[in-house]
Structure formats: C-alpha cells, structure tokens
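# Chains, contacts and geometry: an overview
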Amino acid sequence: MALKKVKCNIERMFDKSLTDLVRGIRNNKENEAKYISQCMEDIKLELRQDNLSVKSNAIAKLTYLQMLGYDISWAGFNIIEVMSSSKFTLKRIGYLAASQSFHCDSELLMLTTNMIRKELNSQNQYEAGLALTSLSCYVSTDLARDLSNDILTLLSSTKPYIRKKAVLMMYKVFLKYPEALRPAFPRLKEKLEDPDPGVQSAAVNVVCELARKNPKNYLSLAPVFFKLMTTSTNNWMLIKIIKLFGALTPLEPRLGKKLIEPLTNLIHSTSAMSLLYECINTVIAVLISISSGMPNHAASIQLCVQKLRILIEDSDQNLKYLGLLAMSKILKTHPKSVQAHKDLVLQCLEDKDESIRLRALDLLYGMVSKKNLMEIVKKLMVHMDKAEGTIYRDELLSKIILICSQNNYQFITNFEWYVTVLVDLAQMEFGSKQGHVISSQLMDVSVRVEAIRPFAVSEMADLLNYYTLNSQFMVMQEVLYAAAYLCGEFSIHLKDPEKVLKLMLSYKPLPQHIEAVFIHNILKLFAHIMEKYELEEQYDEILNLCDLIMNKLQDSLKSIELEVQERSSTCMTIVEIVKEEIELKKQNANKQIIDSDEMDPIKKEKDAGNTLAADLLQLFQGELNPVAPKAQKKVPIPEDLDLDSWINEPIEESESESDAEITENIFVNSERNGGDNKEKYKEPTEEDLRKNREARKHEQLHNPHYLKGNNSFDEDSEKIENIPITDLELNIPLKVPGQKRSDKYLKTKEDKKHKKKSRKKKHKSESSSDENVEAAPTVRREFDMPEGATLSDSDSSRGNENDPHKALNIELDIPSMNDYNEEQKQSADEYKKKKFKKKTEKERKPKKSDKYKKIKNVPPKDGMLVSLDEDLNSKTMEVNDEIIEEKKEIVKEEKKLKKHKKDKKEKKKDKETKTKSKKSTSDYEEPLGISTPSKEFLPVQ
Amino acid sequence: MIKAILVFNNHGKPRLSKFYQYFPEDMQQQIIKETFQLVSKRDDNVCNFLEGGSLIGGSDYKLIYRHYATLYFVFCVDSSESELGILDLIQVFVETLDKCFENVCELDLIFHVDKVHYILNELVMGGMVLETNMTEILTRIEEQNKLEKQEVGIIAAPARAVSAVKNMNIPQQIKDIKLPDLPQAIKDLKF
C-alpha cells in the first residue's frame, strides 16, 4: 500500500502542473492551439488514473483552459469525482471547476445531490461554505427542491460565516423553487436582526432582490428596515435599504412622507458619496410618488438639485456622470427646477468624456423652449462637426431630431430653419441607419406643415442638383428618397419643374426602394409638366420629354430588383400611351391649322377640360395624411370574424364512428370528394357576380381599412383653406462657405425682433400664448385612425413569461400554518407523481400530434389509439383541476381564520412605525465606513 | 445582482472570468472580447461606467470597471447595485489581492487563477455581495490556506520538490549570472 503511494508520487513528478501548463502556453505563442490540444490529451490520460490527486491536478488545468474558451463539459463526471474527495485541497479544486463549468441544465447534477448535502452538514465550516458558494452558481430546480431544507437549517447555524452564505443561497433557491419562499420567509425575516452585521447585510441584500421584482409583498417589512436605516452604520447595507425604499414608496405614499426627513438628514450629514447619491435617488423616487400634498417638498427638490449640482461640478467624472443621471430623473416630474441649471448641462456637453456628453444630451430634451431651441441646436451642430466616432454622432443626430420634433414640433417657430438644419445634416457622415431618420423627418415636416412645402421642395430640388452635379457624393442616399418623393408629390410648388425632371432622370444606380421612388415620381412630375405644355399646345416639348424618360427607363427595365422592374415597366407603358396620343393630337392640331383658321372656341374649351394630362394627374390625386403609429392595431375586429373557428371543417374523429364506417371511407373517399367538388365549383352566374360586387362595395363602405377618397378629401380641402398661411420671406438661401446655412436664421430672428410689432398686427389671429415668440405655422396634428379608436389607448403591457421572479410573487402576509404546510407537502408529493405521469405522457404526445396530422389528410385508421390517448389526457387534466381546487379551498379557509388576527396586527404595526419614527430622528447616528471611491493605483510591476 | 466579473489585460487576454449566469464557452469569449473593445478605447480620465454591451445584459445592465496598470477589472451589474458601491468593491478586491500576493502583479493572476477565484468567492457569492470588510475576508482566506497546508504537507512533498527544481530554470539562471566586465576589472586593478 505504502509502496503504491510512493510509486504514484514518483509518477506524479512527471505530470504537468497548472503552473507548467500556463508556462507552456506562454512559451508556445505561435502554435498555442496545437500545444493546448496536446495538453488536453495528457489531461485525458491523467483523468483515467485512479489517484485522486492526479485527477484533481488535471481538473485544475481544465479550469484554466475553460477560461481560455475550451469546452470542458465532457469532464463533468471527473469533476464530481474530485468534488467527492475527502481532502479540502482537492475538494476545492473540484468545486471551483464545477462552479465554472456546470449549469442548471446539466444532467450530471443529479449525482451531486447527496454529496452536497453531506458537505452542507459538515462539521468544518469551510467545507460547507465551499459547497454553498459552488452550488450558488449552478443550482437547478431539482437541487433547490431537495436541498432547500438543509440550507434552511443552516440559517440557524452557530457560525456567522455559514449563516451569511446560507442566507444568500436561499435567494438562489427561491429563484429555482418558488415554493420554498413561504416556509423560509419568517426565518429570513429573523436574519434581518441577526447579531452579526455580515449576516444582517446578506439578509437585507436578499430581501432587496426579492422586493425589487415584487415590491408589494414586502411592504410589511418596512418598519424593520426603517429601524435598520436609522441605526445601522454599515454603508453597504444602508445603500441597499435606501434602494429598497425607493422601490417600495410608489406603492405606499405614507412611507415616503416618513422617509423624507431621515433621508434629508443623511444627505446633510454623510461624507460617503455613494450613500449620498443613493439617498438623493430615493428622495427623488419619493417625490415622484407623492407629487402633491407635501408642504415642504419644493425644499427637498431644491436640496436634491443643489447636491446634484455639486456632484456634477465635481472634478471626478464618475460623480459627474451619476449626477446627470439623477438629474434626468428629476427632469421628468419637475422640469422647472432642472431648467435653472441649463448652463451646467450645456457645459457638460463640452466634456471630453463621451458617456457624460450622452447623459447631458438626455437632459437637453427638457431644456428647450421656443426661445432657445435655435441656439441649442446650433451648439449641437457645432458638436457634430467636431465629434469623432459614429456612435456619438448618431446619438447627437437622433437627439437633435427628438428635441425639434417633440410634441408635434411644439418648439419650432421657423420651419424654414428646421428644413435647412435637416438638409445640413443630410450632408454629414453618419452610420448607415441615420439617413432614413433624416429622410422620414423631412417628409413628415413637409406633409404636415403646409406652409413649408414650397421652401422644402426648392431645397429638395437643390439637393437633387448637388447629387447629380457632384461626382463625389455628398448627400446621404436615403435622403434622396425624401427629395424625390417631395419633388414629385408637391410638384406644384416647383419653380422649374422641367429642370428637376431632368435632374431626376440623370440618377445613377441606387438602392432599390429609392430607385423605385425615383421612377414613380418622375411620372408624377411628367404629368405635371405635361399639363402645362398640353394647354399651351406645345406638343413637341412633350414628345421630347417622353423620349427622354423612355431612354432612361430602358436601363431600369433591366434592373435585378423586382420592384424597380415593375415600376419602370408600368411607367414605360403609360409614357408610351401618352406619346401615341400626343402624336395623334399633334397631327390633328396641324390638320386643324391647315384646314381652317377659324376654330370653334367651345370645342377648344372642351378639349382643354379633357386633356390627357388631366387624366394622368388623376392617377396621383388625393391628399395624404400622416397615419398614426398604432392605427393598424386599433382597427376593430369585425364581429362576425371568428379566428378560432375552422375555415375548412376538420374531418371528424368522433368515437361514435364505427370501424366499419371508417374502412368504408377509405374506399369511397376519393369518389365522394370528386362529386363534392363538382357541386361546389359551379360557374357563378352574372347575377351572382353583381350581387357579390354590391355586397363587397357595401362592406368597403363600412370597413375602416379602405381609404374613402372622396369624402375625406373634401373635408381636408376645407381645412386647408382655413389654415392661415404665414408670409414667407423668401430670400433664397445663399451658401456661405464655412458657415452653416441654418445659422442665418439666428440672425434673421434678431432682425425680426425689431419688426415684431408690425408682424404681430398682421397675424393677430395667431398670437400664441408665448408672447416673445413669433407665430409658427400650424402643424397638422390629426392622424388617420380607425373609427372609435383613440391615440391615448396604451398597449397592455405583456410581462416576460420566462421571468423567474413572476413565480416569486407570493403574498407573504398570509401567515403559513403548519397544517397547511403538511397538506401542501402532500399535495406537492401527489403533484410530483402526477407530473411524472404527465412527463411520460409528454413523451408520447409528439407521436400523437404526428398522427393527428396524418388523420387530417387520411381517414383515421387507428382511431382507437387516438381515443385512448385522449382519455389519458383528460384524466390527468381532471386530477390537476382537483388539486388546484383543493388548494384554493385551503387558502380560503385560512384567510377567514386569520383575517381577524391580521387586522389587529396591522394596526399594531402602524402604531409601532409611528413611535419608531419619532424615536429614530433623535437617536440617529452618523454612518462611517466606505469612503468615496479612491483612485490610488496599486504598485504593479 | 452582479452578472459577471471579468479581468483581462491591456491586450484583452482573459485573466479571470466569472459568470453568475450561464453562458456557453464560446459566448463567454465573445463577451470578453466585446467588453474589452468597449473598455479599452476609453481614456483613463473618463468615468468608469459604461452602458452595457449588446451581448451581456441589456438596458438595465451597466459595466463598471477600473483600470490598474496592465489590468482591467470589469463588473457587469444590474440596477439594484450602487454604482459607486461596486467601484469600492473593485477596490476592496484589488487591495485584498495585493495583501494576499504581496504586491500583486499580472503574473500572479496568470499563474494563480485558482487562488484569485478563492479570494473572489469570499467577496461575492452567486452574484451577490458577500462581504466587504477586508480584515474579515483576509482571515477567512488565511484559515482556509492553513487547512490546505495541513493536508498538503505529507502528500505533495515530492511534487513540490519537482516543481521547485522546475522553477529554478537553471539554464536561464546561468545566463543571468553577471560576470564582471573583465577588461574593466583589469583596468580597475591599480597597482
């Protein structure tokens, strides 16, 4: 025996240790993978030996390789072997490997249950601690269920080290096995007042995690926490408690009122920045929850904002960041108090730290008003030029757009300015997605603000001009989408439509959706131009244009993209038809000139009213309205629409059908079906068709899905007339190099101040509430919505079904009875058994569904089997229902029993809290402990 | 909750990885890579918080990190943790390492990952902060080391002897022996 040991030891001398492995990897940098695969082979050999210390050495090496990204799950069994060693050193290696590589779905975990249980009950506190730490990383539902009682007993261990770990472990158990929460909760509550501060802190930690997800179940603990908060000196714990209160206050405003005073005391007294920050955060949460009915809450806000200002002004970037973060929370409810610190926020925009700039941008959203919008955006544009890194640029862009477009362009007084800003933005470099944002914004503004259309269209024409003139592309392609669309749709406002048409015709290959829009809008423009020429009878010009278009479209016809192909061929055909007609007209006109110089004026008028262009224009007529984002969802489902019913009746599989019938079906089936088909698909008669058509028309009339052109258009046109249009002072924007074009609006704004008086008289009807600000053109605010739907309807929030915290939503105030527990256990046991049954069934289920599919197609041959399966299913369902009902009854009885006691208890608690709060303010102690984060650098070689 | 603790060097080589939520190994490597890319491009004088990467976490998660000489210590935490508190925790962790290894440097972490894990286990358990008091942490670690020493004494003596010999790295040491520059030495000999 001794000899064998010695032999083993000598053999071990030649094994690689972990240190050797690490050194080897460092020495083989060129062929690391090869070296490691060689080491893996060695490890596999070592794992085959009997000696546990050899194995543990191999496992230690594997743990290292796991960190480098190698899968070591194949060694799971060996890891468990090493875990079961009696030596602490080896055990440690095993448990470490387990915590790094096991996860809760490992099947091997079944093997560890008893071993871990033995370890938990070990006399040595470090062995138990080791098991707890490791288990916390991979606890599964089964392990949690089987070990929860053992861990629960550890809560009352004599060693604080074990208690501490067991408390934290309980949280992991709850997550996997929510049933453990109710019996364990009273014990956990006791631990909040444990003599050892470490255990106390751990318990607070666990309750905080629990309460974060389901706060209302832990309101009853508020008095305990209140006491802890006012007596404890452990900053870590204080932070946790204060965070917890932040989660509880929205549910119980009274609690918030009580909190304000001790929290403000803490804010004044503490020297620890982390604590100060959390206090401010919770005070903010309290203030949000009790927005009214507080006499001195303005003072508290003032205090918070002041303290935050100190944080933001600090040279420590971390404090600055957090200060801005907290500021943005205040902004939501008390924007005015934050607006006072606008200078600070703007200053932070200049900060060299990107995270801080991003936070400051968030705040900017609430800082703008009609007066300062232009200035702020100008500053942001300057940043845009300086900014490096696309993330920040993209963020800047989306913030500019967000700020300007918020609340239906509430703060924009000068839309010309805004369009120029957008055009400026379009000429900068961004990430790929940003072009789309700008282009949709341009379209949105032009569609919704009538007054700006002429200006926007001329800007877009300029954009197209840049695009075609410059070989080097300065404008984002996505913006061309908007440019083409706007020029086409609002071609009435174009000064020189023919030039624009030619510009559009000279496009180069583009992404398909843009090219398609180009083609479509070329047609619109063409129709518009043609109208003019046709009236003037300049047919040659039209023919020229036709040729131009057809030439260009030849290329697009060959496009790979379907959309482009389709559009261009449609366009081609239309233009061809137009060309033929115009040629005819031209001949007629020539004839008429030759035939008789005297023309019938009436006939001529008729012709004018009946021009080809008018027909063509009709294709594109109709006003476009912005569609509300949720419109589609709001379309009510028709009453007679039943999505659950079968469209085609499934073949019945009732048990009453005898085998004979089934077998008969097999043979008769095909014939019968054929016969049915003939009967069903009769040619519909003329009358039927007419009826159908009428019915369809009637349905369309009442169906909100269909756009009803005429009615809505008339209404709109009336509205358009009512909209007052501001005079635009159109001095055509000149491009001054080095200066943003949008800047000039800042100057004109100042000029306008002088003219304001005269302007005001002109637009008296429009004088807005904000006196210093000039009137802005109206923005259309209505959306196309189905009848009976409103925008304010919020979507019902759907919780994440996989969230483990959902299962932990247990009402803990209902005290648990011993009887109840036992019954629960029993029912749980029963339930387990049934679950097992169910499992076995589940394995069968897929087969059944397969059959089901077959049955649908082929008449059921094996109807017996199916019915058997169904029988089983329904039985288990019944049993489950029974269990549920039993449980419900138990709970009901309990509630009745305990209601009296509960009421009394609650009253008592209320009294307690009152007295406590009075006490607490007097015997409050200043906390010591963590200092502000220190920034020393450790001497590292 | 803490979701992950990562330590890597200035080149992104992992020195310690601890995930409190399961990720397969290749995913773990990707997370380390992404985190390194996020963290390494930041200057030393900017704030220590980062809105989380795309792979780990989501909007609720933050990366909180500190940079010491050649190493980055990164904690990925959710909103239930205090940002400044975690910064302090990192400090406690590093100071504990410094005490245990006596002037810790990257090499200590490279060759003793297991020990670093044991130390970390005394600070954080299953993603929750276990202990922040450094003296308490140090006594726990000391006591466990004692336990190991008692056991190891007899069994591993030969193995340790071998590793000691290996550690000596004789050829290198021969090279390293500095002989006095002879001509200079001769010159120095003044009669």
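Check the entry above for the structure.
Below: a short report on this structure. Everything quoted here is computed from the prediction, not taken from an experiment.

### Details of the overall build of chain A
Tallying secondary structure elements over chain A gives 41 helices and zero strands in all. A burial count over chain A gives 45% of its 941 residues as buried. Residue pairs in contact within chain A that sit at least 24 positions apart in sequence constitute 73% of those at least 6 positions apart. About 52800 Å² of surface is accessible on chain A, with carbon and sulfur atoms providing 51% of the total.

### Structural notes on the packing of aromatic side chains
Taken as a whole and assessed by the stated rule, the structure comprises 14 aromatic pairs over all chains. With a centroid separation of 6.3 Å and 50 degrees between ring planes, the pair formed by Y65(B) and Y72(B) is classed as tilted. Judged by centre distance (5.6 Å) and plane angle (85 degrees), the rings of Y68(B) and F73(B) are edge-to-face. For the residue pair Y68(B) and F73(B), the accessibility class agrees, reading buried in each case. Here the aromatic cluster, defined as three or more aromatic residues joined through ring pairs, consists of Y409(A), F415(A), W417(A) and Y418(A). Residue placement shows K532(A) over the ring face of Y533(A); its charged tip is 5.3 Å from the ring centre. Over the ring of Y61(B) we find K3(B), and its NZ or CZ is 4.4 Å from the ring centre.

### Concerning unusual backbone geometry
All names here are of chain B. The phi dihedral of E102 is positive, around 55 degrees, even though this residue is not glycine. Mapped onto the elements, E102 comes out in the loop between α2 (83-101) and α3 (106-111). The backbone of N103 sits at a positive phi, close to 60 degrees, despite the residue not being glycine.

### Considerations on the pattern of salt bridges
If you walk through the whole model with that rule in mind, you get 37 salt bridges over all chains. For E81(B), the salt bridge goes to K240(A), with nearest N and O atoms at 3.4 Å. Note that E81(B) is positioned in the loop between β5 (71-77) and α2 and K240(A) in helix α14 (residues 235-248), a pairing that runs across two chains. Owing to a relative accessible area of 2%, E81(B) belongs among the buried residues under this scheme. D353(A) serves as the salt-bridge partner of R42(B), at 3.7 Å between the closest nitrogen and oxygen. On the criterion of chain membership, the pair formed by R42(B) in the loop between α1 (25-40) and β3 (49-51) and D353(A) in the loop between α20 (342-349) and α21 (354-364) is interchain, its members lying in two chains. The two residues R42(B) and D353(A) agree in class, both being buried.

### Concerning the interface of chain B and chain A
Listed per partner, the contact involves 76 residues of chain B and 80 residues of chain A. Summing the contributions of chain B and of chain A, the shared interface buries around 7200 Å²; its carbon and sulfur component is 56%. Connecting chain B to chain A are eight salt bridges. Here chain B is connected to chain A by 28 residue pairs in polar contact (both at pLDDT 80 or more). A total of 11 residues in the side of chain B that touches chain A trace back to one element, the largest contributor, which is α2(B). Across the side of chain B that touches chain A, the residue classes tally to 32 nonpolar, 19 polar and 25 charged.

Here is what the cut-offs are and how they apply
Residues numbered from 1 in each chain as written. Chains lettered and ligands numbered in written order. Predicted model: local features only at pLDDT ≥ 70, side-chain atom pairs only at ≥ 80, totals over all residues. Heavy atoms only, no water. Helix = DSSP H or I, 4+ residues; strand = E, 2+ residues; numbered from the N terminus. Buried < 20%, exposed > 50% of the residue type's maximum accessible area, 1.4 Å probe, protein only. Contact = heavy atoms within 4.5 Å. Areas by Shrake-Rupley, 256 points an atom, 1.4 Å probe, with all protein chains shown as cover. Phe/Tyr/Trp six-rings, centres within 6.5 Å; stacked < 30°, edge-to-face > 60°. Lys NZ or Arg CZ within 6 Å of the ring centre and 35° of its normal. Salt bridge = Lys/Arg side-chain N within 4 Å of Asp/Glu carboxyl O. Buried area = accessible area lost by both parts, 1.4 Å probe. Polar contact = N/O pair within 3.5 Å; in protein donor to acceptor, adjacent residues only side chain to side chain. Nonpolar A, V, L, I, M, F, W, Y, C, P; charged D, E, K, R; others polar.

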